[in-house]
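Survey of secondary and tertiary structure
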Amino acid sequence: MLLKLEHLSKSFGGLKAVADLNIEIGQGELVGLIGPNGAGKTTVFNLLTGVYEPSEGKMIFAGKDVGGLRPYQVTHRGIARTFQNIRLFGDLSVIDNVKIAFHQHAKYSAFSAILRLPSFFRSEDEMESKALALLEVFHLRGRAGEVAKNLPYGEQRRLEIARAMATEPRLLLLDEPAAGMNPQETRGLMELIRWLRDNFQLTILLIEHDMSLVMGVCERIYVLDYGMIIASGTPEEIRTDPKVIEAYLGEEAI
Ligand SMILES: Nc1ncnc2c1ncn2[C@@H]1O[C@H](COP(=O)(O)OP(=O)(O)OP(=O)(O)O)[C@@H](O)[C@H]1O
């Protein structure tokens, strides 16, 4: 098991945003986390990445408790994320956005081996080649010199994932990666997510409201409502679960 959340809870004052959560994710799995607005999904990511400390419970990643670690320590352990609202260095070039992320990279990685690159980059040239190789993967190499904020929205989202990948994670957390994308961009994103998982020995946990993406790429799905898991299973099981339909999907989804 790569990630195990045991009785994880987070309270804000009287509000239990996450309540007694139990989640297990195996190496290489592609798992979805869905649920209505305010269900606690982003709070789970904030707990996992050290933004918040759990009120109760444990988070075991790669056999070690990551509860109470600072965000940079979590990155070093091999967990990376993207945000619901894109967070890039808008005034910097596309390639500089990636280079900055290299500085926070994790120790463990299949990344360098896959791109056939040495795992250490002593010179600026080496850093440049590694950044370009990564941009190539995300079909952004031609944009390397452009200012990040000038990219079309879908490309900014891809750049955000590229930056997360630059830290060489074992677990990638994607918070609404399809938000604001048109259907064609969403289809491209689905292919990219599958490709990343398959080629980087990556495990992916994603939050998403776009059901075509969730049902299309996830092998397993957890459904949160009021901080609690109300269902988990395959996309087919989730689609037809009466509790999920009532709390989230609505009758029209059937
Ligand atoms: N820092 C905070 N302080 C107080 N309450 C918070 C804080 N962060 C989240 N909450 C509350 O916790 C609950 C869960 O919020 P969270 O953002 O995790 O939901 P979500 O499932 O990600 O929702 P959405 O789909 O709208 O992004 C909400 O009621 C929210 O208002």
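Residues numbered from 1 in each chain as written. Predicted model: local features only at pLDDT ≥ 70, side-chain atom pairs only at ≥ 80, totals over all residues. Heavy atoms only, no water.

An unreviewed UniProt entry lists the protein chain under the name ABC transporter, with Acididesulfobacillus acetoxydans given as the organism.

Along the protein chain, the regular secondary structure elements total 10 helices and 10 strands. Computed over its C-alpha atoms, the radius of gyration of the protein chain comes to 18 Å, within 12% of the 18 Å expected for a compact globule of 254 residues. If one aligns the C-alpha atoms of the protein chain with their principal axes, the spans along those axes are about 55 × 40 × 30 Å. Taking all 254 residues of the protein chain together, 51% fall into the buried category. Here the analysis covers contacts within the protein chain between residues at least 6 apart in sequence; of these, 67% occur between residues at least 24 apart. Across the protein chain, the mean location of the 28 positive side-chain charges is 6 Å away from that of the 33 negative side-chain charges. (Helix = DSSP H or I, 4+ residues; strand = E, 2+ residues; numbered from the N terminus. Rg over C-alpha atoms; globule rule 2.2 N^0.38 Å. Buried < 20%, exposed > 50% of the residue type's maximum accessible area, 1.4 Å probe, protein only. Contact = heavy atoms within 4.5 Å. Lys, Arg positive; Asp, Glu negative; His and termini not counted. Charge placed at Lys NZ, Arg CZ, Asp CG, Glu CD.)

Quick look at the sheet that holds strand 9 (residues 220-225) now. Pairing between the strands of a sheet comes from backbone hydrogen bonds, and it takes one of two forms, parallel or antiparallel. An order of 6-7-8-3-9-10 is seen for the six strands of this open sheet, with the pairing classed as mixed. Among the strands making up the open sheet, the edge pair consists of strand 6 (79-81) and strand 10 (228-233). When the angles between neighbouring strand axes are averaged without regard to direction, this sheet yields 20 degrees. Relative to strand 10, strand 9 runs antiparallel, the two sharing five bridges. Across the sheet, Asp-225 pairs through a bridge with Met-228, a residue of strand 10. (Pairing = 2+ DSSP bridges. Axes fitted to C-alpha atoms, helices over the stretch in contact; angles between N-to-C directions.)

Moving on to the nonpolar core. Residues Phe-138, Leu-159, Met-165, Leu-172, Leu-196 and Leu-206 are the most contacted members of the largest nonpolar core, which totals 51 residues. Contact partners of Leu-206, with chain neighbours within four places excluded, come to Leu-30, Val-31, Gly-32, Leu-33, Phe-45, Leu-174, Ile-193, Leu-213, Val-214, Val-217 and Cys-218. (Core = buried A, V, L, I, M, F, W, Y, C linked by side-chain atoms within 4.5 Å.)

Glancing now at helix 1 (residues 41-48). Taken across its eight residues, helix 1 has seven buried, putting it largely inside the fold. Along helix 1, the residues classified as buried are Lys-41, Thr-43, Val-44, Phe-45, Asn-46, Leu-47 and Leu-48.

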